[in-house]
Amino acid sequence: MIAFENVGKTYPDGTTAVEDFSLEIASHEAVVLVGTSGSGKTTLLRMINRMVDPSRGRVAIDGEDVAGLDPVRLRRSIGYVMQASGLLPHRSVLDNVTTVPVLRGTSRREARSRALELLETVGLDPALARRYPSQLSGGQQQRVGVARALAADPNILLMDEPFGAVDPIVRADLQQEMLRIQKELHKTIVFVTHDIDEAFLLGDRVVLLRPGGVVAQQGTPQEILAAPADDFVRSFVGADRGTRTLHVEEIEGRRIVVDADGRAAGVLEPPAGGAARA
Amino acid sequence: MTWVLENLDLLGSRLLAHVLQAIPPILLAFVLSLPIAKLIAVRGWLRTSLTAGAGLLYAIPSLPLFIVLPLFLGTSIRSPLNIVVALTIYGLALMVPSASEALRAVSGDTLRAATAQGYAPLQRFWQVELPLAGPALVAGLRVLAVSTVSLVTVGGVLGVPSLGMLFIDGFQRGILEEILSGIVLTVALALLLDLLIVLGARVALPWARTPRRKGARA
């Protein structure tokens, strides 16, 4: 479990990135922090692995204040995926994936055989293992970034706008891959994005932030869509826009979901096993 | 040409002396420049003043420096050690600014990513920052090597044996072949060292010459 207890961050130059933020994230839960730039979402994420130390309050993992942990060992125990992948350009794909296990003292050979399996887990051809990051496409690099974050089998995965720099088709692909991986591995995921659709897709729980790390609303995607707390949330989730206000029309005996502009959004199936995701 | 063939021993010993005076300052200046550059890269004011200071070092005329140094070092005026020390100073003047720029050019995002993966600060410097600054460092090293090889010749004026002595001696005694062989060997030595550095960099930095995939993003 990750707990933010009244944390705040004020930089030496006087700017306050986060005022007063509290949140509990259960184990195996995927929580998405979503907000515009200046909402402090990345700052909050980096407090978990001590890339940023809070000026006030504390961040605890399983009840233990991270301020008391060695930052280097802490970071090696937490997977981290960042925007534009953050791969080391002078290391091959394989060596990038083995980074953390090797830093933790696993033998290179053992780390490599596990890394090859991981490349398949994230949907990459192991033949790419010898390449350098600059020889891969943006989407492939991002997959390597995910494989690297998973390499030491961490309980916690921090993802800082990991799919922000790839085109929409590749992004949708990576998002589906992420859902599949999470179904399999059940990590505790803290995911940062400015894309509300991505947040609703990937988050068990979504935390909407205003500037300064102020929580505008938090809850499951369904809860937020069903009852936006205020106008800020309503405009952020696009409840005002036609795409989110859907109604059902019956066409040739099938129930079609149509948005406010009259565009068909999908087919309404009677609720069977799995509830439809928002 | 006959002069050359008759004096191969002399040419060989001058060349060897030249190499022995050139290599140590190149290595010393390169190795010493790295911690200095790392130190000043993080402090803006220090970088500005030290870069200017390094430029001033280079402005010290070489001949007087060769003459003054023995007073500080307690060496004789013809000791090759003077040359080594003086050329290390010039080497630092060249290498510190270029090394500090090389380190500063390493992407901050990549360094942050390395920190996030759990590199300890020193590990990050040796395993990430230094290799990534590699190509730019090599560019600086090439200038350093060639410049040092040519500066060693100045010692010849003071009677410190090197290839420089060949053209000073040849000039005084009117032996054109001796002058020419001094110049040719100096240039050849500089080119050879440069080539070795380039080849060494190819082996040490294989990633730096991989063709970028078309349309791939960094």
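The rules behind these values
Residues numbered from 1 in each chain as written. Chains lettered and ligands numbered in written order. Predicted model: local features only at pLDDT ≥ 70, side-chain atom pairs only at ≥ 80, totals over all residues. Heavy atoms only, no water. UniProt positions renumbered as here; feature names shortened; annotations may be inferred. Helix = DSSP H or I, 4+ residues; strand = E, 2+ residues; numbered from the N terminus. Contact = heavy atoms within 4.5 Å. Buried area = accessible area lost by both parts, 1.4 Å probe. Salt bridge = Lys/Arg side-chain N within 4 Å of Asp/Glu carboxyl O. Polar contact = N/O pair within 3.5 Å; in protein donor to acceptor, adjacent residues only side chain to side chain. Nonpolar A, V, L, I, M, F, W, Y, C, P; charged D, E, K, R; others polar. Buried < 20%, exposed > 50% of the residue type's maximum accessible area, 1.4 Å probe, protein only. Pairing = 2+ DSSP bridges. Axes fitted to C-alpha atoms, helices over the stretch in contact; angles between N-to-C directions.

Undergrad: For this particular structure, what's the right way to read the UniProt feature "domain: ABC transmembrane type-1" (unreviewed entry) in chain B?
TA: UniProt tags residues 15-197 of chain B as "domain: ABC transmembrane type-1" (unreviewed entry). Counting secondary structure, residues 15-197 of chain B comes out at 85% helix and 0% strand; the distance between its end C-alpha atoms is 19 Å.

Undergrad: Sorry, what's going on with the interface of chain B and chain A here?
TA: By a widely used convention, the size of an interface equals the accessible area lost when the partners come together. At the interface, 25 residues of chain B touch 27 residues of chain A. Across the chain B/chain A interface, buried area totals approximately 2,300 Å², and carbon plus sulfur atoms make up 59% of it. Here chain B and chain A share zero salt bridges between them. For the pair chain B and chain A, the interface holds six residue pairs in polar contact (both at pLDDT 80 or more). Counting only elements with at least two residues in the side of chain B that touches chain A, the list comes to α6 (108-117) and α7 (121-152) of chain B. For the side of chain B that touches chain A, the leading source of residues is α6(B), giving eight residues. Residues belonging to the side of chain B that touches chain A are distributed by class as follows: 13 nonpolar, seven polar and five charged.

Undergrad: How do you make sense of the environment of A:Tyr132 when you look at a structure like this?
TA: All names here are of chain A. Structurally, Tyr-132 is set in the loop between α5 (108-121) and α6 (138-150). On the basis of relative accessibility, which here comes to 15%, the residue Tyr-132 falls in the buried class. For the pair Tyr-132 and Ser-92, spaced 40 residues apart in the sequence, the C-alpha separation amounts to 4.5 Å.

Undergrad: What am I meant to see in helix α1 (residues 41-48) of chain A here?
TA: Each α-helix winds once per 3.6 residues, and so residues spaced three or four apart point in a common direction. Residues and elements named next belong to chain A. Across the eight residues of α1, seven count as buried, placing the element largely inside the fold. Within the sequence span of α1, burial applies to Lys-41, Thr-43, Leu-44, Leu-45, Arg-46, Met-47 and Ile-48. With its phi angle positive at about 65°, Arg-50 sits one or two positions after the end of α1.

Undergrad: Would you take a moment to explain the sheet that holds strand β12 (residues 254-259) of chain A for this structure?
TA: Hydrogen bonds along the backbone pair up the strands of a sheet, which may run parallel or antiparallel. Residue and element names in this part refer to chain A. Spatially, the three strands line up as an open sheet ordered β11-β12-β13, and their pairing is antiparallel. Each having just a single partner strand, β11 (246-251) and β13 (264-267) make up the two edges of the open sheet. Going from strand to strand, the sheet's axes swing by 35° on average, the running direction of each strand aside.

Undergrad: Quick question: what am I supposed to make of the UniProt feature "transmembrane region" (unreviewed entry) in chain B here?
TA: All names here are of chain B. Under the feature "transmembrane region" (unreviewed entry), the UniProt entry names residues 15-37, 49-73, 79-96, 143-167 and 179-205. Secondary structure content for residues 143-167 is 60% helix and 0% strand, and the end C-alpha separation is 23 Å. Secondary structure content for residues 179-205 is 96% helix and 0% strand, while the C-alpha to C-alpha distance between its ends is 39 Å.

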